[in-house]
Amino acid sequence: MKDKKQKNEQNAGAIAAKPKKKKKVLIVVLVIVAVLVVWIGISIHNATKQVAMAVNTVEVEPVQKRDLSDTISVKGTVAGASSTNVTSKAASEITSMNVQVGDIVKEGDVLCTLDSTSIEEKIADLEKSMSNANAVSSINTQQAADALQQAKDDQTTTLAAAQKTLDRAKDSYNGAQMLYDQGQADFAALLAAKQAVEDAQTAYDTAVETTNRAIETAQEAQELNKYKDTDTTSKDTLSNLKEQLADCEITAPCGGVVTAVNSKVGDINAEKNVIMTIEDTSSLKMVATVQEADVLKLQEGMEATVTADATGDEQIKGTVTRVVRVKSQGTTGSDGSTTSAGGYSIEIALDNQELLIGMAVKAKVMIQAKGEVLAVPYDLIQYDDNGQAYVLVAEADDGGNAIAVRRNITVGDEVDYYTEVTGGDLAEGDMLIYDTTFSIAEGQTFTPEQMYSEQDMGLTDGTGTEVSE
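Nothing here was measured: the structure is a model prediction, and the numbers come from that model.

S.K.: Can you tell me about the pattern of salt bridges, naming the residues and giving the values?
M.R.: Side-chain pairs of opposite charge can arise whenever the charged atoms involved come near each other. Evaluation of the coordinates by the stated rule reveals 15 salt bridges. Ionic pairing is found between Glu-209 and Arg-213, a salt bridge with its closest N-O pair at 3.0 Å. Here Arg-213 and Glu-209 lie together in helix α3 (residues 187–229), a separation of four residues that amounts to about one turn. Judged by relative accessible area, Glu-209 falls into the partly exposed class, the value being 49%. Overall, the relative accessible area of 43% leaves Arg-213 in the partly exposed class. In this structure, the salt-bridge partner of Asp-384 is Arg-406, at a minimum N-O distance of 2.7 Å. Of this pair, Asp-384 sits in the loop between β17 (382–383) and β18 (389–396) while Arg-406 sits in strand β19 (residues 402–415); the two residues are 22 residues apart in sequence, bridging distant segments of the chain. According to the relative accessible area criterion, Asp-384 is partly exposed, its value standing at 23%. Through salt bridges with shared partners, one network takes in Lys-285, Arg-322 and Glu-347.

Written out as structure tokens, the structure reads:
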């Protein structure tokens, strides 16, 4: 009975201890929850503050002078200032080729030779034929001259005889007239004598006409022979053959670099065939393609600065010597693919003789030299209702932030991304607010963030003087 009572007391004590243990656990949990709530609240507050600061942060950069010279950049290759196509009139086989692409030649160097044997044979045959023809022509000329002289001599003889007959007839008529007047001859004899004079006169006139016609025929024959003698067909052919013979040894018409060889030994040359091309390297030029938007800006005489990988940082002076304002269509390969782009082009004379033909070069052509001027990005310029242009700059406040302040400006030329500032109250060193969406208004406070390192710039007090944040 006693044991049972003790057991019941122990069970009652255990039951009383359980509520006390649960209460302690609950307190610990509540404390932990409270700590978490406080930590989360602080984190959210800090994050919100950081987001707010980030949203209100604007980049700034000091206003500075920039070179707003307007230039056009082009790419191209080096070429000789002049290019000469080498041809030959000789229509014969090429027997030797003494140069290849890339060789440097001097004026007068023998470039190649052509077979002269067949041309020499043609010259010999034609000269022989012309010699025979000349001999025949000479004989014909002499014969024509003799025939003309004979016709003239015949005329003299014939007219002398006819004149003598006419004179005798006139003498007979005069005698008959005298006898008739004296009554010693009848009228019939007088008429017969008169008829004899008329017949003699007719015979004389006929002789004049006949002999003149003979002379004219002889003269025409002589003139015709002269015309045959002046026929230039054979002479022209002989002259052409002699020129071909002289062209069988082709020499360099100028010094330079051989940039193309289009024929080889064994080829039969044609008169207009370009055997090779020589570019004069005593002066060089750059040939470049130009964009359609730029070609109207370019003029002969404009200065250019040329660079090449081969010469490193060296800046080569150049001058625009030609602007080709006719758009080329480019060239197409045998497979139909485009091998070179078409377009407008320019030529720039280079003040350099060290570059090689075909080298890639780049140039900046000076369109307008501005030099160092105050400038701002064009997309930061705003205009008020009166059309006044202005920009916003950052001025530091006492709290480490900045205030947006308006600066009126007068705008000049726009070159690429920047616009020239020709007047107004904007000063070099003012901290320009880079807000292309115009979300910052005049008088608004914000947190400035410099686009470059602090040692390169600082906020200004509105006069261009750097101030500490």
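Now that the structure has been shown, we can carry on.
S.K.: How would you explain helix α4 (residues 233–246) if you had to name every residue and give the values?
M.R.: The terminal C-alpha atoms of α4 lie 20 Å apart, and with 14 residues this matches the ideal 20 Å at 1.5 Å per residue to within 8%. Residues Leu-238, Leu-241 and Gln-244 constitute the buried set of α4. The buried residues of α4 all sit within an arc of 120° when viewed along its axis, so they share a single face.

S.K.: Describe the pairing of β19, listing the residues and the values that go with them.
M.R.: For a regular strand, side-chain orientation follows a simple rule: the groups alternate between the two sheet faces. Summarising the sheet, β18 and β19 pair through seven bridges and their orientation is antiparallel. Across the sheet, the residue bridging to Val-391 is Arg-407, located in β19. The turn linking β18 back onto β19 is made up of five residues, and Gly-400 within it adopts a positive phi angle of 85°. Alignment of β19 against strand β22 (residues 445–450), held across two bridges, turns out to be antiparallel. Across the sheet, Ala-402 pairs through a bridge with Phe-446, a residue of β22. Relative to strand β20 (residues 418–424), β19 runs antiparallel, the two being bridged by five bridges. Counterpart to Val-411 in the pairing with β20 is Val-421. Once β19 ends, the chain turns through two residues before running back antiparallel as β20, passing Asp-416 with a positive phi of about 55°.

The rules behind these values
Residues numbered from 1 in each chain as written. Predicted model: local features only at pLDDT ≥ 70, side-chain atom pairs only at ≥ 80, totals over all residues. Heavy atoms only, no water. Salt bridge = Lys/Arg side-chain N within 4 Å of Asp/Glu carboxyl O. Helix = DSSP H or I, 4+ residues; strand = E, 2+ residues; numbered from the N terminus. Buried < 20%, exposed > 50% of the residue type's maximum accessible area, 1.4 Å probe, protein only. Expected span 1.5 Å × (residues − 1). Arc of directions from axis to C-beta. Pairing = 2+ DSSP bridges.

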